[in-house]
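As a plain string of letters, each chain reads:
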Amino acid sequence: MPKTGGNAVDIELTINGERTTVEAGSADDLATVLRQHGYIGVKCGCDGGTCGASKVFIDGEVRMACGMAATDADGSEIRTVAALGTQADLHPVQQAFVDNFAVQCGFCIPGMVIQAVALLDSNPDPTEQEVREALDDNVCRCTGYQKPVEAVLDAAGRMQGEQSVAADGGRPVTVPPHGDESTSCCGGGCDE
């Protein structure tokens, strides 16, 4: 596999629960090594650990993989966004991002999801301001941040069991009994 530079070294990692030895250039950052080994959910938009797209859990702490030398992760346990859920069974944060239309181009989303999971693990009921502060170092050029903030707040409610979610991701709708004008669609007594 191509290396970004330096002598090749073997490092041992536990990635998404699987112990493995990978070869890395001594000058490679962790994001490069993870991507070279198939973990393409780890993105890097800055090559320096400032955009937030490469966030992963390293030994339980959120770190930017593109700002860390791969050799510094030797012996670490790494969890990427792929470890959170599957396409058929998304993590509540992932599902909330989908349901709230918080995914635009998708490039920054893995880092935002990792950060959101970490936030909700430490603070299950954050305020909007706390969510904004947690996502502050995730650079996004598409969403304007409002939808991701709404998604994290929605996920918090879901994880606390406050909100039910329909099979299609939408919220269940309570339909009033037919003929109940006080709760009809417009209150105007239509024949609907």
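Residues numbered from 1 in each chain as written. Predicted model: local features only at pLDDT ≥ 70, side-chain atom pairs only at ≥ 80, totals over all residues. Heavy atoms only, no water.

Peer 1: So what exactly am I meant to see when it comes to unusual backbone geometry here?
Peer 2: Excluding glycine, a negative phi dihedral is what most residues carry, and trans is how most peptide bonds are arranged. The phi dihedral of Asn 16 is positive, around 50 degrees, even though this residue is not glycine. On the basis of relative accessibility, which here comes to 26%, the residue Asn 16 falls in the partly exposed class. Despite not being glycine, Asp 59 has its phi angle at roughly 50 degrees, a positive value. Within the fold, Asp 59 resides in the loop between strand S3 (55–58) and strand S4 (61–64). (Buried < 20%, exposed > 50% of the residue type's maximum accessible area, 1.4 Å probe, protein only. Helix = DSSP H or I, 4+ residues; strand = E, 2+ residues; numbered from the N terminus.)

Peer 1: I keep staring at the nonpolar core and nothing clicks. Help me out?
Peer 2: In globular proteins that are soluble, nonpolar side chains generally tend to be buried together. Ranked by internal contacts, the top residues of the largest apolar core, which has 26 residues, are Val 93, Phe 97, Met 112, Val 113 and Val 152. A per-element tally of this core places helix H3 (residues 109–122) first, with nine residues. In contact with Val 113, not counting residues within four places along its chain, are Val 81, Leu 84, Val 93, Gln 94 and Phe 97. Among the nonpolar cores identified, the runner-up in size contains 19 residues, and Tyr 39, Ala 65, Ala 73 and Ile 78 belong to it. (Core = buried A, V, L, I, M, F, W, Y, C linked by side-chain atoms within 4.5 Å. Contact = heavy atoms within 4.5 Å.)

Peer 1: How should helix H5 (residues 146–159) be read in this particular structure?
Peer 2: Working note: α-helix, 3.6 residues per turn, so residues spaced by three or four point in the same direction. Taking 1.5 Å per residue, 14 residues should reach 20 Å; H5 reaches 20 Å between its end C-alpha atoms and fits that length. Contacts from the buried residues of H5 go to helix H2 (92–99), H3 and helix H4 (128–134). Directly after H5, the chain includes Gly 161, whose backbone phi takes a positive value near 75 degrees. (Expected span 1.5 Å × (residues − 1).)

Peer 1: It is not clear to me how the pattern of salt bridges should be interpreted in this structure. Could you clarify?
Peer 2: Note that side chains of opposite charge can pair when their charged atoms are close. One pass over the full model with this rule turns up six salt bridges. Two residues, Arg 19 and Glu 12, come together in a salt bridge whose shortest N-O distance is 3.0 Å. With relative accessibility at 47%, the residue Arg 19 sits in the partly exposed group. When its relative accessible area of 38% is taken as the criterion, Glu 12 is described as partly exposed. When the shortest N-O distance is used, the salt bridge between Asp 99 and Arg 158 registers 2.8 Å. On the criterion of sequence distance, the pair formed by Asp 99 in helix H2 and Arg 158 in helix H5 is long-range, its members being 59 residues apart. Like Arg 158, Asp 99 is buried. Here the salt bridges do not stand alone but share partners, grouping Asp 99, Asp 154 and Arg 158 into one network. (Salt bridge = Lys/Arg side-chain N within 4 Å of Asp/Glu carboxyl O.)

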